[in-house]
Amino acid sequence: MNTRAPAVEARQLTKTYPGDVTALDGMDITVAPGIVFGLLGPNGAGKSTTVKILTTLARPDSGTATVAGHDVLRDPRRVRRAIGVVAQQSGADPVATGRENLQLQGRLYGLSGAALNRRVDELLERFTLADAARRPVKGYSGGMRRRLDVALGLVHRPEVLFLDEPTTGLDPEARTAMWEEIGRLAGEEGLTILLTTHYLEEADRLAERIAIVDRGRIVVEGTPDALKGELRGDAVHMELGEPVGEAGRTRLTDALTALPAVHEALCEGRRISVRVDDGAAAVPALLAALDRAGASVASATVARPSLDDVYLRHAGRRYAEVQAGPEAVLAGGVR
Ligand SMILES: Nc1ncnc2c1ncn2[C@@H]1O[C@H](COP(=O)(O)OP(=O)(O)OP(=O)(O)O)[C@@H](O)[C@H]1O
Ligand SMILES: [Mg+2]
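- Looking up the protein in an unreviewed UniProt entry gives the name ABC-type xenobiotic transporter, with the organism given as Streptomyces yokosukanensis.
- Per UniProt, the comment on the protein under Sequence similarities (unreviewed entry) is "Belongs to the ABC transporter superfamily. Drug exporter-1 (DrugE1) (TC 3.A.1.105) family."
- Regarding the protein, the relevant UniProt record gives this comment under Subcellular location (unreviewed entry): "Cell membrane".

Right, here's the structure in full:
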């Protein structure tokens, strides 16, 4: 049990942007020191706004927050010294080399001379950028640029590192490499990481605790296993032979929810997902019910509930549904 003070504590943060856009609507977060905490939510949920407030780049309309024990409104300078920030948009200067970017960042934090050079070499090595160190950043791949962003956030050895969507836009290989790097960072003495993501898999894999954000507030928080464990039973995902229209969807979900074993049924396009106590035992009855309703099933898989199911339960809609783009649908897909 960790008895040290929280690394991040936010109470009832609110923020409205011009045009009456409510970005935060009573955001509460507590992050214990030394853990990776994942803020998971769809586009526009309020993740970046939360990070901006916690990193002193924006002011809340109301509410309070401390980071590394310092109040973000009363003591922004102390907060800034204690944190590293990797913003959603890269902060590196594209015209300068990787090494120059790191050196400049180090100087901003008061490093100089041999100590600065040592730190820069260490980070270049660690983020496998040593070979590219003398090339301008504009020639870097997306993965290299993101690794440099993280290195920039670490120059002054912060206590708390904020990573705003560290892997968005990366190809799968670069994403996996970044996950490994974040995993290694998390093992470091005392470093607390608050990362935001809209990838369910990323949160599941990296974060010891996850808070799901929806419309500017936390809808549920806990360890990934506890959140999934809350949902009793199994998820059965079925793929229909042909897509069905609106009327067909209602007919099929009605046919399924009429079965005593079925707690919940959801149909989207060709996909039907149901929640049952015992997936394997329920499949024959599910297939028979769909057959009676005139639908052919191409495949059926039984899975433990995923974070997608957790989101569905707490936000009242499927995660993939509120995401834009094919990438997001993949991220919310069935495992
Ligand atoms: N500077 C701004 N001016 C006006 N509206 C803003 C501004 N920044 C954010 N918003 C709005 O506030 C809401 C929350 O945005 P925020 O960037 O915090 O979401 P997010 O969870 O980080 O989303 P994403 O996954 O797309 O990065 C959105 O509706 C967004 O359009
Ligand atoms: Mg964002």
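What follows picks up the thread again.
## A closer look at the overall build of the protein
Point 1. Within the protein, the secondary structure is distributed over 12 helices and 14 strands.
Point 2. Dimensions of the protein along its principal axes, counting C-alpha atoms only, are 75 × 45 × 45 Å.
Point 3. The buried share of the protein, taken over its 335 residues, is 42%.
Point 4. Taking contacts inside the protein between residues at least 6 apart in sequence as the whole, the part at least 24 apart equals 68%.

## A word on the sheet that holds strand β5 (residues 70–71)
Point 1. Reading across from one edge, β2-β1-β4-β5 is the order of the 4 strands in this open sheet, with antiparallel pairing throughout. In this open sheet, the two edge strands, each paired with only one partner strand, are β2 (21–31) and β5.
Point 2. As judged from the 2 bridges shared by strand β4 (residues 62–67) and β5, these two strands associate in the antiparallel manner. Looking across to β5, one finds that Thr66 is bridged to Asp71.
Point 3. Along the sheet, helix α1 (residues 47–54) contacts β1 (8–17), β2 and β4; its crossing angle with β1, the most-contacted strand, is approximately 115°.

## Observations regarding helix α5 (residues 142–154)
Along an α-helix, residues three or four apart share an orientation, since each turn contains 3.6 residues.
Point 1. When the terminal C-alpha atoms of α5 are compared, their 19 Å separation across 13 residues agrees well with the 18 Å that a helix rising 1.5 Å per residue should span.
Point 2. Within α5, 10 of the 13 residues are buried, leaving the element largely enclosed by the surrounding structure.
Point 3. Listed in full, the buried residues belonging to α5 are Arg145, Arg146, Arg147, Leu148, Asp149, Val150, Ala151, Leu152, Gly153 and Leu154.

Criteria and thresholds
- Residues numbered from 1 in each chain as written.
- Chains lettered and ligands numbered in written order.
- Predicted model: local features only at pLDDT ≥ 70, side-chain atom pairs only at ≥ 80, totals over all residues.
- UniProt positions renumbered as here; feature names shortened; annotations may be inferred.
- Helix = DSSP H or I, 4+ residues; strand = E, 2+ residues; numbered from the N terminus.
- Buried ≥ 20, exposed ≤ 12 C-beta atoms within 10 Å, placed from the backbone.
- Contact = placed C-beta atoms within 7 Å.
- Pairing = 2+ DSSP bridges.
- Axes fitted to C-alpha atoms, helices over the stretch in contact; angles between N-to-C directions.
- Expected span 1.5 Å × (residues − 1).

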